[in-house]
Amino acid sequence: MARDPQDVMEALLAGVIVVDAHGQVEELNSVACRMLEYSRESALGLPVEQLVTSDHAIARLARMVLQDGVAVSEPNQAIERRNEADSKVDVAVSPLFAEGRHLDGAVIVLRDRGATRRLEQLESERERHLAFGRIAAGLAHEIRNPLGGIRGAGELLARRAESDKAKQTADLIVRESTRIAKLVEEFMVFARGDELDLSLVNIHRVLDGVLELIAHDPLAEGIAIERSYDPSLPELLADADRLHQVCLNLVRNSLQAMEGDPGRLTLKTRMTLEHRIALEAGKRQPTLAIWIEDTGCGMDASALREAHLPFFTTRPGGTGLGLAVADYWVAKHQGILDLESSKGVGTSARVTLPFRRNAPERNASTASPEGMTP
Ligand SMILES: Nc1ncnc2c1ncn2[C@@H]1O[C@H](COP(=O)(O)OP(=O)(O)OP(=O)(O)O)[C@@H](O)[C@H]1O
Ligand SMILES: [Mg+2]
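Reading the values: rules and limits
- Residues numbered from 1 in each chain as written.
- Chains lettered and ligands numbered in written order.
- Predicted model: local features only at pLDDT ≥ 70, side-chain atom pairs only at ≥ 80, totals over all residues.
- Heavy atoms only, no water.
- Near = heavy atom within 4 Å.
- Polar contact = N/O pair within 3.5 Å; in protein donor to acceptor, adjacent residues only side chain to side chain.
- Helix = DSSP H or I, 4+ residues; strand = E, 2+ residues; numbered from the N terminus.
- Nonpolar A, V, L, I, M, F, W, Y, C, P; charged D, E, K, R; others polar.
- Axes fitted to C-alpha atoms, helices over the stretch in contact; angles between N-to-C directions.
- Parallel < 35°, antiparallel > 145°, perpendicular 65-115°, else oblique.
- Left-handed = near helix turned anticlockwise from the far one by under 90°.
- Contact = heavy atoms within 4.5 Å.
- Phe/Tyr/Trp six-rings, centres within 6.5 Å; stacked < 30°, edge-to-face > 60°.
- Buried < 20%, exposed > 50% of the residue type's maximum accessible area, 1.4 Å probe, protein only.
- Lys NZ or Arg CZ within 6 Å of the ring centre and 35° of its normal.
- Expected span 1.5 Å × (residues − 1).
- Pairing = 2+ DSSP bridges.
- Core = buried A, V, L, I, M, F, W, Y, C linked by side-chain atoms within 4.5 Å.
- Domains from an automatic or database assignment.
- Salt bridge = Lys/Arg side-chain N within 4 Å of Asp/Glu carboxyl O.

> Hey, could you go over the site of ligand 1 for me, with residue numbers and the actual values?
Close contacts around ligand 1 come from 20 residues, with Asn253, Thr313, Thr314, Arg315 and Thr319 the closest. Thr314 is positioned with one of its side-chain polar atoms (N or O) 2.4 Å from an oxygen atom of ligand 1. Between ligand 1 and Thr347 there is a distance of 3.2 Å, counted from a nitrogen atom to a side-chain nitrogen or oxygen. Here the shell around ligand 1 takes 4 residues from helix H9 (residues 240–257), the largest share from any one element. Split into classes, the residues belonging to the shell around ligand 1 amount to 7 nonpolar, 11 polar and 2 charged.

Following this line, the structure appears as structure tokens:
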């Protein structure tokens with residue numbers, strides 16, 4: 001059976017662009033579309049210079065090959081992207097000959113060296129997020145009841161204390177056990193049944209629910225709030241309460257980052273194709289991305305690396321669990337939570353979720369095929 005060359009191109013982990021003798025795009029695979037942030041439809045027929053810039057290695061090498069007919073390559077070329085972090089790719093261009101003789105095009109191959117490594121990293125990060133939740137839930141269960149007893153006993157001792165010293169000691173027991181109880185309460189987030197309660201969710205309703213909740217928060221005073229929702233997004237199968245919590249934690253972080261210097265909070269939704277998420281091996285998975293962006297204090301590279309760690313906090317009164325909790329529920333949805341930040345400029349958090357529509361049997365009839373309005 002003859003294979004469709006298009007299927008072969010799609011199977012490659014590298015970006016592939018085929019150009020004709022004039023350097024116009026004849027074909028490209030979805031990896032190339034993602035790398036260059038172009039849809040296939042809008043890229044077809046464009047001069048390759050327009051996909052990047054005319055002095056970019058991709059365009060430059062393509063011109064050389066179309067002139068000389070000799071393959072060339074250049075490693076480690078930066079690609080600037082609007083929606084994702086810039087990336088570095090190896091560019092290789094080889095000539096295409098019609099009937100084995102006259103030069104009539106070129107094939108450009110873009111290889112992202114970090115991609116495989118990032119996939120492995122992601123898997124181990126996800127396992128870590130889930131493991132943290134399980135440990136926290138276990139601890140919460142074990143500590144909650146005896147802690148209640150200790151605090152009660154401390155209160156009793158404080159009431160009955162006959163000397164100042166005894167009273168101070170008893171008060172210390174009460175104060176410290178109350179502090180631990182607050183922490184344990186945070187851990188209970190993980191413990192209250194960690195199974196997702198899935199139904200078809202309108203993500204814009206979730207985001208608007210978060211905005212309503214923070215509307216009266218003094219932290220939100222003077223903050224410009226911008227919603228850039230894609231109204232054609234259909235509902236997706238998810239746990240609305242957990243997503244609310246994830247978005248609330250991220251929005252609160254943003255508001256806190258802008259405290260004292262009110263800026264702009266932007267909530268954005270889009271359909272995306274995220275190669276790091278695959279629910280079934282070999283199947284491309286459409287994904288939905290939610291961006292929560294602020295113009296707050298931002299983080300330097302080292303804070304950004306640590307931000308996800310449980311108990312990492314730079315805020316007085318913070319517990320450093322907001323992101324760990326968000327990571328946990330996003331991982332439970334088989335999604336990814338990415339942070340990008342620039343000190344003094346702002347932070348962008350992106351939640352990418354696998355887009356699933358198939359509701360469990362009992363909910364199937366409630367599936368609505370229409371898009372949703374914000
Ligand atoms: N949008 C943001 N802008 C700047 N820094 C941020 C942002 N989000 C998170 N951080 C940094 O990451 C740290 C950890 O965030 P996380 O939400 O986990 O904990 P927290 O906000 O400190 O405490 P809490 O448990 O109350 O959420 C913060 O203390 C802050 O330093
Ligand atoms: Mg927080």
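> I'd like to hear about the packing of helix H8 (residues 203–214) against H9, residue by residue, with values.
Running from N to C, H8 and H9 point in directions that differ by 45 degrees, and their axes come no closer than 9 Å. When the interaxial angle is binned, H8 and H9 end up oblique. The two elements H8 and H9 meet at a crossing, and its hand is right-handed. Where H8 abuts H9, its residues Ile203, Val206, Leu207, Gly209, Val210, Leu213 and Ile214 lie against Ala240, Leu243, His244, Cys247, Leu248, Val251 and Leu255. Classifying every residue of the contact of H8 with H9 by side-chain character gives 12 nonpolar, 2 polar and no charged.

> How would you explain the packing of aromatic side chains if you had to name every residue and give the values?
By the definition in use, this model includes 3 aromatic pairs. With centroids separated by 4.8 Å and ring planes inclined at 80 degrees, the aromatic side chains of Tyr328 and Trp329 adopt a geometry described as edge-to-face. Residue classification places Trp329 among the buried residues on the basis of a relative accessible area of 0%. Taking NZ or CZ as reference, Arg242 lies 4.0 Å from the ring centre of Trp329, over its face. Seen from the ring of Trp291, Lys268 lies directly overhead, with NZ or CZ sitting 4.4 Å from the centre.

> I'd like to hear about helix H5 (residues 57–68), residue by residue, with values.
With 12 residues, H5 ought to run about 16 Å at 1.5 Å a step, and its terminal C-alpha atoms sit 16 Å apart, in line with that. Turning to H5, its buried residues are Ala57, Ile58, Ala59, Leu61, Ala62, Val65 and Leu66. Contact partners of the buried residues in H5: strand S1 (15–20), helix H2 (30–36), helix H4 (48–51), strand S3 (72–79), strand S4 (87–98) and strand S5 (102–111). Directly after H5, the chain includes Gly69, whose backbone phi takes a positive value near 70 degrees.

> If you had to explain the pairing of strand S11 (residues 336–342) to someone new, which residues and values would you point to?
Burial analysis of S11 places 5 of its 7 residues in the buried class, the great majority of the element. Bridge analysis of S11 against strand S12 (residues 346–354) gives 7 bridges, and the strand direction is antiparallel. Looking across to S12, one finds that Ser341 is bridged to Thr347. Linking two consecutive strands that pair antiparallel, namely S11 and S12, is a turn of 3 residues; a positive phi of about 80 degrees is found at Gly344 within it.

> Can you break down the nonpolar core residue by residue, with the values?
Formed by 57 residues in total, the largest nonpolar core has its most connected members in Leu255 and Leu265. If you count residues domain by domain, this core takes at least three from each of domain 2 (117–191) and domain 3 (199–366). Membership of the second largest hydrophobic core comes to 27 residues, among which are Val31, Cys33, Met35 and Ile58.

> How would you explain H8 if you had to name every residue and give the values?
The terminal C-alpha atoms of H8, which comprises 12 residues, lie 17 Å apart, in line with the 16 Å expected from a rise of 1.5 Å per residue. Within the sequence span of H8, burial applies to Ile203, His204, Val206, Leu207, Asp208, Val210, Leu211 and Ile214. Lining the buried residues of H8 we find strand S6 (199–201), strand S7 (224–228), H9, strand S9 (264–273) and strand S10 (286–294). At the N-terminal end of H8, a side-chain oxygen is found 2.9 Å from the backbone nitrogen of His204, two or three residues along, and the residue is Asn202.

> For the pattern of salt bridges, give the residues involved together with the corresponding values.
On inspection of all chains with the given rule, the structure shows 14 salt bridges. The partner of Asp171 in a salt bridge is Lys167, and the shortest N-O contact between them spans 2.8 Å. Of this pair, Asp171 and Lys167 both sit in helix H7 (residues 164–191), 4 residues apart, roughly one helical turn. On the accessibility criterion, Lys167 (36% relative accessible area) is partly exposed. One salt bridge connects Lys332 with Glu195, and the closest N-O pair in it is separated by 4.0 Å. With Lys332 in helix H11 (residues 322–332) and Glu195 in the loop between H7 and S6, this pair connects stretches of sequence that are 137 residues apart. Residue classification places Lys332 among the partly exposed residues on the basis of a relative accessible area of 23%. By relative accessible area, Glu195 is classed as exposed at 60%.

> I'd like a rundown of the sheet that holds S3, residues and numbers included.
If you walk across this open sheet you meet the 5 strands as S2-S1-S5-S4-S3, and the pairing is antiparallel. The two strands at the open ends of the sheet, each matched to only one other strand, are strand S2 (25–28) and S3. Taken pair by pair, the neighbouring strands of this sheet meet at an average axis angle of 25 degrees, ignoring direction. Taken together, the 3 bridges between S1 and S2 define a ladder with antiparallel strand orientation.

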